[in-house]
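Survey of secondary and tertiary structure
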Amino acid sequence: MRPESNERAFYFEGDSLAVARRFAVCCFAESRLSDAAAPRREKQRAAQRNMAALLRGLRAGRALRGLARAVAAPTAPNPQSGSLSRGFHRAALRLQDESKSDKPPSSSSSSSTTYHEHGHRADEDPAGAPRDAAGEASRPNTSYQDQAGDQGEEYETEEQLQARVLTAALEFVPLHGWSLDAVAAAAETLGLSSASTGMFHNGAGDLVLHFVAQCNAQLTETLAEQHNRVQLGQAEPKKTADFLRDAVETRLRMHIPYIESWPQAMSILLLPHNIPESLKHLSTLVDDMWYYAGDRSTDMNWYTKRAALTGIYNTTELVMLQDSSPDFLDTWNFLDNRIQDVVKMGAAAKQAQATGETVVQGLMGAAVTLKNLTGLNQRR
Amino acid sequence: MAASVRLLLRRAIRLSHGNTNVTAAETAGRSGRRLAPSTCRCFGDAAGDRSTHFGFETVPEAEKAKKVYKVFENVAHHYDTMNDAMSLGIHRLWKDALLHAMHPQPGAQLLDVAGGTGDIAFRFLEYVRSQRERQRRRAARTVQTPSWRDISSSYSSSEEDGEEAGPRESGAVVCDINKEMLKVGKRRADSAGVTAGLSWVAGDAEKLPFDDDQFDIYTVAFGIRNVTHIDQALKEALRVLKPGGRFMCLEFSKVTNPVLARLYDAYSFNVIPALGEVIAADWKSYQYLVESIRKFPDQEEFKIMIEDAGFFCVKYYNLTGGVVALHSGFKL
């Protein structure tokens, strides 16, 4: 039916257009052969209305399919296909990336410290702050400006400092668990008093969310690098299933140093006041993975794909918690199997749909034949 | 409008940091009737002839400290009883809330200024002790089957227990300008049997007798409104705190709810001095107390003052609908 190969993408795109086309043909045929019980003009008008609607639908469908076909090829994006939506999607994601890696000084120039501003910025910044923390030797004095804020003397903003403390606290997590004790120990190594843990109102939740944001940022970097290499032709593009498998594995491997205490971290993430944040991190993670896998869908598939990958990721994470095989081989096998399941399900869904279409066509044909036989289609 | 004018003035003053600007601001402030009288008086006159508020009276600055000293000398012996009577025991909840927000880590050093009878210090020591207990219990639980190495190390550590119980021992220092209040506090400590880690120092909040970078936590509970120069006290707090240290202030503040405000005013001006007369035979001191509460800047203004002194991450929590506000800032 479609010329392109199926293993490129296992999204659940329906061939509803073919069905619509067949239905249109049938209706047209029916209206042609219908008899003159009702006035002919009315019948014609009704038929025309139906046809107009169907043609509109067909045209829209064709446009969509053109889009879908064009974006299905991740390596060679077709610039011609009406790529408004695709461009917007990519731009939106790029904005998201930028906002994540935005240098904190510019975003937190208004330091006047109200609680909500802090809570909000402290969540946005950690993704970008680890890069700041990494480049500490060449710390930019970009916040050393005489702004309306109070931080003329500080070389970094409060958010940067908080991010630095949290990053340092990760070292103490194996010893103290995900708690403020780890943060206090880290603050002391940085030369701050342990009372500075009072800055973190969410306590251990701040630490865990910071870690999750940091890991997600790392993964996005890795995926972007890979993508660039593929663009430059230095590497072979992977199949979607393999790509996703590698992405999930890379991301889950970041948990390995903390795997002993990871159940505690997961339980912290599930606390009601942390759920919005953790869901946000999870959804951006899955979205990034699909984006770099080449998904540019703009219909229901967007949701189904992300839902599927979220399910795979969460279950694999849980399996990893109780995995005791060397280098977590069981986990990666589990991951493989789940991805294969989804691929097979996609193929099966397509087959079922094709079968369904054929059956419908057969039934329609049978109905028309019956009508012909019984003489209902004749116009006398 | 008044608020923004005030803010602008503050910014101007902070940026220049000079005395000359203070006078300019002050004259500008005096001319602008919209400014609250307390801000005018905070910056004071150019020379000598400064005056400030003592309750609803106006007194020369030099005298205020003496008068406050007298007040607390008189009330010292009935201080705790009066606290319970006036606040119907709620002051305990406020102080507990302060400790809860503080969440001191083991090994923290506390400075309780205007701590007087030592309420905060006692609670702090209690909190740290129970925390230590919990830590020890948790450690014991995780090491149910200790290895020979653990057992031998626990033998050696039990010998040095007197010197070093754990990584660091917490301590609290109670500092008050009024020796009577300190005496009452010491008596309470002795009767409660609390001696370890507690010291009593007489000192002025505007000029603390401590070195720089000494303490992890600085608290002042219901004391800072009695200080003549609040900004000076805040600067001293910044000085004695370690980097990363926390400043916490519990103080009466503006009630947000207007209905509650009416009731609170009626209660304050009618019931409290009467209670003072009955229990402590001192109407005037409690009149001063209630008036000084009204003279103290409100939550936002005090927050700005704390920020101006150099603290970061300043925020406040209203307790009991704004009757009491808990301000917290960090020295970063």
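Each value, and the rule that gives it
- Along each chain, residues carry numbers from 1 onward, in the same order as the chain's sequence is written.
- Labels are handed out in written order, letters beginning with A for the chains and numbers beginning with 1 for the ligands.
- pLDDT decides what is reported in this predicted model: residues at 70 or higher carry local features, side-chain atom pairs at 80 or more are listed and counted, and totals for whole chains, interfaces and linings draw on all residues regardless.
- Only hydrogens and water are set aside; all other atoms, that is, all heavy atoms of the structure, feed into the side-chain values.
- Helix and strand labels come from DSSP, where a helix needs a run of H or I of at least four residues and a strand needs a run of E of at least two; each type is numbered from the N terminus.
- Here the term buried applies to any residue with accessible area under 20% of the maximum for its type, exposed to any over 50%, and partly exposed to those in between, with areas from a 1.4 Å probe on protein chains only.
- Only the protein chains shown count as cover for residues, with accessible areas throughout obtained via the Shrake-Rupley method and a probe of 1.4 Å.
- By the convention used here, residues are in contact when the closest approach between their heavy atoms is within 4.5 Å.
- Here a helix's expected span is defined as the number of its residues, less one, multiplied by 1.5 Å.
- Summarising the geometry, the arc corresponds to the directions from the helix axis toward the C-beta atoms.
- Strands qualify as paired when DSSP identifies two bridges or more between them.
- We call a crossover right-handed when, viewed with the strands running away from us, the connection from the first strand over the helix to the second turns clockwise.
- What pLDDT reports is the predictor's confidence in each residue, on a scale of 0 through 100.
- Helix axes use the C-alpha atoms of the stretch in contact, all axes being lines fitted to C-alpha atoms, and the angles between their N-to-C directions lie in the range 0 to 180 degrees.
- Here a pair means two rings of Phe, Tyr or Trp (six-membered ring of Trp) with centres within 6.5 Å. Their orientation is stacked below 30 degrees between planes, edge-to-face above 60, and tilted elsewhere.
- Throughout this description, the term charge over a ring refers to an Arg CZ or Lys NZ atom that lies within 6 Å of the ring centre and within 35 degrees of the ring normal.

What about the overall build of chain B?
In terms of helices and strands, chain B carries 13 helices and 9 strands. Across the 332 residues in chain B, those meeting the buried criterion constitute 47%. Counting every atom, chain B has about 16200 Å² of accessible surface; 56% of that belongs to carbon and sulfur.

Brief notes about the overall build of chain A
The number of helices and strands found in chain A is 14 helices and 0 strands. Put simply, chain A has 380 residues, and 42% of those count as buried. Across chain A, contacts joining residues at least 24 apart in sequence account for 71% of those joining residues at least 6 apart. As presented, chain A carries roughly 20400 Å² of accessible surface, and 58% of it is formed by carbon and sulfur atoms.

Side note on helix α9 (residues 179-192) of chain B
In this model, α9(B) (14 residues) spans 20 Å end to end at C-alpha, consistent with the 20 Å of a helix rising 1.5 Å per residue. Packed against the buried residues of α9(B) are α4 (61-75), α5 (79-87), α7 (119-142), β4 (171-176) and β5 (198-202) of chain B.

Observations concerning helix α13 (residues 300-321) of chain A
Residue and element names in this part refer to chain A. Here α13 spans 32 Å end to end across 22 residues, near enough to the 32 Å set by a 1.5 Å rise per residue. Along α13, the residues that are buried comprise Asn-301, Lys-305, Arg-306, Leu-309, Ile-312, Tyr-313, Thr-316, Glu-317, Val-319 and Met-320. Mapping the buried residues of α13 onto a view down its axis gives an arc of 160°, with all of them on the same face. Structural note: α13 exposes Met-300 and Tyr-303 on the side pointing more than 90 degrees away from its buried face.

Quick word on the pairing of strand β6 (residues 215-221) of chain B
All names here are of chain B. A large share of β6 lies buried, amounting to 7 of its 7 residues. Sheet topology places β6 next to strand β7 (residues 241-252); 6 bridges connect them, and they run parallel. Along β7, the bridge assignment pairs Tyr-218 with Phe-247. Handedness of the crossover joining β6 and β7 through helix α10 (residues 230-240) is recorded here as right-handed.

Some words on the confidence of the model for chain A
Residues and elements named next belong to chain A. Taken as a whole, chain A shows an average pLDDT of 75; of its residues, 59% reach a score of 70 or greater. Within the model, pLDDT remains below 50 along residues 1-14, and this stretch shows 38 contacts once partners closer than five positions in the same chain are excluded. Across residues 70-153, where pLDDT falls below 50, the model places 118 contacts with residues more than four positions away in sequence or in other chains.

Focus: the sheet that holds strand β8 (residues 312-319) of chain B
Residues and elements named next belong to chain B. Pairing is mixed across the open sheet formed by 7 strands, whose spatial order is β5-β4-β3-β6-β7-β9-β8. Of all strands in the sheet, those with a lone pairing partner are β5 and β8, marking the two edges. Averaged over all pairs of adjacent strands, the angle between strand axes in this sheet comes to 15°, irrespective of strand direction. Across the sheet, α9 touches β4 and β5, and the angle it forms with β5 is around 165°.

A few points about unusual backbone geometry
Residues and elements named next belong to chain B. With phi around 55°, Asp-213 is a residue other than glycine that occupies positive phi space. In this structure, Ala-281 takes a positive phi of about 55° despite not being glycine. For Ala-281, the position within the fold is in the loop between α11 (258-280) and α12 (283-295).

Side note on the packing of aromatic side chains
All names here are of chain A. Per the stated rule, a full pass over the model turns up 18 aromatic pairs over all chains. The rings of Trp-178, Phe-211, Tyr-258 and Trp-262 are connected pair by pair, giving a single aromatic cluster. Lying across the ring of Tyr-291, Arg-296 places its NZ or CZ 4.3 Å from the centre.

A closer look at the pairing of β7(B)
All names here are of chain B. Most of β7 sits inside the fold, with 10 of its 12 residues counted as buried. In the sheet, β7 pairs with strand β9 (residues 324-330) via 7 bridges, with the strands oriented antiparallel. Counted as the bridge partner of Phe-252 is Val-324 from β9.

Concerning the environment of A:Val212
Residues and elements named next belong to chain A. Here Val-212 lies in helix α9 (residues 204-231). Overall, the relative accessible area of 9% leaves Val-212 in the buried class. The spatial distance from the C-alpha of Val-212 to the C-alpha of Ser-278 is 8.2 Å, given a sequence separation of 66 residues. Once residues lying within four places of it in the same chain are set aside, the contact partners of Val-212 are Arg-251, Trp-262, Leu-269 and His-281.

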